[in-house]
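Below are the chains, spelled out letter by letter.
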Amino acid sequence: MPKMTMVQAVSFALEQEMAKDESVIVLGEDVGVDEGVFRATAGLYKRFGERRVVDTPLAESAILGTAIGMALAGLKPVAEMQFDGFSYLMMAQLEGHASRFRSRSQGQWTCPLVVRMPYGGGVRALEHHSESREALYGHLPGVKVVMPSGPRNARALLVAAIRGPDPVVFMEPKRSYRAFREEVPEQEEVMEIGKAQIVHEGTDLTVISWAAMVPIVLPVVQEVEAKRGVKIEVIDLLTISPMDANLIAASVKKTGRCVIVQEAPKTISVASEIIAQINDKALLYLEAPVKRVTGYDVVTPYLGREMMYIPSPGRITRAIEETLDFWEATMYQFKLPDLGEGVHEGEILKWHVNIGDTINEDDPLVEVETDKAAVTIPSPKSGKIASLSGNIGDTIFVGNVVAVIAAEGEEAAAPPKVTAPPKAVVPEAVAPAPPAPVPAKGPVPAAPATRRFAREQGIDIQLVTPTGPGGRVTLDDVKRQIEGKVKKAPAAAEVAPEPAEERRAVAEFAAHAASAIPFLDIEPMPEFEQWGPVEREPLRSIRRKVARRMVTSMILAPHVAHMDEADVTLLEEFRQREKPRRAGQPGGHLTLLAFVIKAVTAGLKAVPAFNASLDPFKEEIVFKKYYNIGIATDTGRGLVVPVIKDTDRKSILQISAAIEDLATKAREGKIEVSDLHGGTFTITNVGPLGGTALIPAINYPEVAILGIGKVQEKPVVREGQIVIRKILPLTLAFDHRVADGADAARFVSELVRQLSDPNLLLL
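Predicted model, so just to flag it, every value in this text is computed and none were measured. Sequence order as written defines the numbering, with residues in each chain counted from 1. Local features in this predicted model are restricted to residues whose pLDDT is 70 or higher, and side-chain atom pairs enter the listing and the counts only when it is 80 or higher, whereas totals over whole chains, interfaces and linings include all residues. With hydrogens and water stripped out, all remaining heavy atoms of the structure feed into the side-chain values.

Things to note about the side chain of S23
Looking at the secondary structure, you find S23 in the loop between α1 (6-20) and β2 (24-28). Looking at S23, its side chain comes within polar contact range of the side chain of D21, at 2.7 Å. In this text, helices come from DSSP runs of H or I with a minimum length of four residues, and strands from runs of E with a minimum of two, each type numbered from the N-terminal end. Whenever a nitrogen or oxygen atom comes within 3.5 Å of another N or O atom, the pair is scored as a polar contact, on the condition that within protein one atom can donate a hydrogen and the other can accept it, and that pairs from neighbouring residues in sequence are kept only if both atoms are in side chains.

Details of the pattern of salt bridges
By salt bridge we mean one thing: a side-chain nitrogen of Lys or Arg within 4 Å of a carboxyl oxygen of Asp or Glu. Going through the model one piece at a time under the given rule, you end up with 26 salt bridges. In this structure, R116 and E80 form a salt bridge, with 2.7 Å as the shortest nitrogen-oxygen distance. Note that R116 is positioned in strand β5 (residues 114-119) and E80 in strand β4 (residues 76-80), a separation of 36 residues in sequence. Across the pair, E80 and R116 agree in class, each one buried. Note that E572 is salt-bridged to R575, the shortest N-O span being 2.7 Å. Of this pair, E572 and R575 both sit in helix α18 (residues 569-582), 3 residues apart, which is roughly one turn of the helix. For every residue, the accessible area (1.4 Å probe, protein chains only) is compared with the maximum for its type, and the residue is labelled buried under 20%, exposed over 50%, or partly exposed between those bounds. For R575, a relative accessible area of 10% puts it in the buried group. Here the salt bridges do not stand alone but share partners, grouping E17, K20, R163 and E188 into one network.

Some remarks on the sheet that holds strand β6 (residues 144-146)
Whether two strands pair depends on DSSP finding at least two bridges between them. The strand order across the open sheet built from 7 strands is β3-β2-β4-β5-β7-β6-β12, with neighbouring strands paired in mixed fashion. Of all the strands in the sheet, the pair left with one neighbour each is β3 (53-55) and β12 (239-241). On average, adjacent strands in this sheet sit at an angle of 20 degrees to one another, irrespective of strand direction. When β4 meets β5, the two strands line up parallel, connected through 3 bridges. Bridge assignment links E80 to a residue of β5, and that residue is R116. Where helices are involved, their axes are fitted lines through C-alpha atoms of the stretch in contact, as for all axes, and angles between N-to-C directions lie from 0 to 180°.

Describing the sheet that holds strand β18 (residues 364-369)
Read across the sheet, 4 strands follow the order β19-β18-β16-β21 without closing on themselves; strand pairing throughout is antiparallel. Of all the strands in the sheet, the pair left with one neighbour each is β19 (374-378) and β21 (395-397). Shown here is a sheet whose adjacent strand axes are inclined to one another by a mean of 40 degrees, direction ignored. Direction of pairing for strand β16 (residues 345-351) relative to β21: antiparallel, over a ladder of 3 bridges. When the bridges of β21 are listed, E347 appears paired with T395.

Set out below in structure tokens:
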């Protein structure tokens, strides 16, 4: 397909239609010998002659009057107005005659003519050359108004206009005439007049534009999408009259937000008509007022100020972002943010505010315990607390609304009182819980006031059962949803299910698991209460995550253990000698673990198989070229594994300081989620608690873990003599899919060598 500019595509369409149909006539000022002011009729005079390419006097009213006579005589005239600013002189002919023949003759007569005119600014033209007055023509019944945005649709729509039975005003954006090229098929292509096009699909906001503004809108939209993580739909209107109101309504129903971009002045404009159509067909789906980015209500200014008049990328960006943020500008819904890789939920430990309190940005809002650590989440905005979602002990998920914060000057709506359900004794019978509401597919209709009320109360309107006409969600529907949340049954963890239901659930799970794992036999838990009193505690947060990770590790990774002992006598002497000198300095405690980490790093360099992961889906072993050592830490709420990064580039003192810092944060529940990710190897140290040996479970998806026990004084044979030495037991558990016993022996031997001689650790 050849690439053409818009002006070339217009000329191409005229030439093809004139060659195909002898009744097509081109007329206008300088369209013949001089080939038009923008050369849109280039070559036509030479090919078709003066009887079909007619140069006319400078008289726009006469040009259109002649074209009307030609149309009524059976010809198909295409009249060119040099600029739309000169076209108003033909308005009496267009409105009083061309637009009325169909109605005047009750459909027996039509007036098939096209009025082409370049319009708009951006080319530094003089007065009467830069107007964008499409609304004037769109206001005329019986006249179609077409405004292409690029070469291909200009050619296809001009062909449709020439072949159509009614008068068409064909407005060509002159700033786009030679701005870019586009592939235009040589074979026939016709587009239907009155149909808009979605040129960029999206779900969060609709931008409607046409003609010269479309090439400006598209890069702005892509930039906002990349910046905000949203999807924006762009509609190229193409035809002003008749307008494709159904496509507009369908898009706005889908996205709930709309921005209109036009070059013309704002008041009584095409944008105003689009808003009216949205109000008629999609009002109940709007999440924000429709915004307009337009020219100003003044005459298009001269030259230097012209680009200040035309909508700029900056103005368009601001309108899009303000529309996206409309709710946040008044009532900000703070949703549980992504707390890091693999963290999808958290348990509310403590609210730092109450409803009605005023909070400043970065003040503590809520403390949440994830399966990694306890995290205090600060407020992202200043304002008044309108509502809080959930009670202490409730689980909230990433993306759920945590709190609604009213901006300054906004009243914080008083939400319904939510009381925590009492701790229940096991009832004689528990009514089966109703099925959870299923989110509606696509948008649901609701009045703007209803939507706002639902947001203020933290209610997802998609989950509300509608009772209004046409499936509309009413204010009462939202209130019933709120009451349902308040009166919900106690959580499953607080009320024991019926034994029969429990047995059935366990049987279904066991059957499913056994189909994947042969010989797996799962039976329901016995009723322990029959033998005596018990206390039940939900498996939550960190402890639940530990349980999941351990089951995953033990099922996916075939565990093998290799054991040895390291003589750390010299190391301990060095450590005890240096501790008083280092006291008070960062890392001055010089724990044995810091030396073990340094030795492990050396071992991983010597045997890279243990600094790897196995990707079972790609059947690849991923060898990591960095050394991040995790240290299993007992927090009292469960085991967490803070990670010391880049241990190959840290000194022993730096590693010791990092151990102290991370362990303290973990025990206090203040560890950052980023400190829990990225590990390549894990060490678990039970020495301070006692014990001679252990076989740890691999911290999947790592492939190995080192367990160290308590340093003990033992009699050993050295050079034929029995001596007392300090012995550190070592156990390496590893994934036999990735490494073999010989690898483990080499790795542990390197550890023993490094730990036995502290001088090696300092190299």
